[in-house]
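A look at the structure
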Amino acid sequence: MKNIKFNTEFTIYASKEALKEDVQELFKAAETARKDAYAPYSKFLVGAALKLENGEVITGSNQENAAYPSGLCAERTAIFYAGAQFPNQKILKMAISAGLQEKALDRPIPPCGACRQALVEYEKRQNIPIELYFMGTEGQVAYSESVENILPWIFDKNVL
Ligand code: THU
């Protein structure tokens, strides 16, 4: 018998202002995208912005549906668009801004499990980590050096 341990480490920044200029810009794009979220059912609005190696910024927001499971999270909306439109561009980083429509939220909101699985597919495909930054509508920002860092022991193409 043996135990396996995974080490997951996050960096917490006091606010967006503590981030590098380009990540602050990425958050601006995520916040703009968040305003266009279509979330009449949950009223939880999420915006995601990712930066490609050619400098292009791709954004997405959550898109809900009256048949609830038919909707899609912001992170997957953004990354699937990037995969469809820029299949040969590596994704360097992603910023996620999330919170209820009418209320400020001052703690980092991490991506859901299904989004982690979708994101890690692209991380493995491109062979370099995707840096993740996530926050609520204000306050602290959490940083993870990769997607795999928040989804240890992944199911990926190597098991097929
Ligand atoms: N949502 C996202 O867009 N990203 C996540 O990682 C978690 C949840 C959306 C889905 C749904 O529209 C709303 O937030 C509430 O779950």
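That block above? That's the structure.
First, a word on what this report is: a plain description of the structure on this page. All figures in this text were calculated on a predicted structure; none of them were measured in a lab. (Residues numbered from 1 in each chain as written. Predicted model: local features only at pLDDT ≥ 70, side-chain atom pairs only at ≥ 80, totals over all residues. Heavy atoms only, no water.)

1. Concerning the overall build of the protein
A count of helices and strands for the protein gives three helices and six strands. Each helix and strand of the protein, placed in order from N terminus to C terminus, yields the pattern β-α-β-β-α-β-α-β-β. For 160 residues, the compact-globule formula gives about 15 Å, and the C-alpha radius of gyration of the protein, at 15 Å, lands near that figure. With respect to the three principal axes, the spread of C-alpha positions in the protein is 50 × 40 × 35 Å. Across the protein, contacts joining residues at least 24 apart in sequence account for 68% of those joining residues at least 6 apart. Surface accessibility of the protein: about 9100 Å² in total, with carbon and sulfur atoms responsible for 51%. Separation between the mean location of the 18 positive side-chain charges and that of the 20 negative ones in the protein comes to 4 Å. (Helix = DSSP H or I, 4+ residues; strand = E, 2+ residues; numbered from the N terminus. Rg over C-alpha atoms; globule rule 2.2 N^0.38 Å. Contact = heavy atoms within 4.5 Å. Areas by Shrake-Rupley, 256 points an atom, 1.4 Å probe, with all protein chains shown as cover. Lys, Arg positive; Asp, Glu negative; His and termini not counted. Charge placed at Lys NZ, Arg CZ, Asp CG, Glu CD.)

2. Considerations on helix 2 (residues 74-85)
With 12 residues, helix 2 extends 17 Å between its outermost C-alpha atoms, agreeing within 8% with the 16 Å of an ideal straight helix rising 1.5 Å per residue. Of all the residues in helix 2, the buried ones are A74, E75, R76, A78, I79, A82 and G83. (Expected span 1.5 Å × (residues − 1). Buried < 20%, exposed > 50% of the residue type's maximum accessible area, 1.4 Å probe, protein only.)

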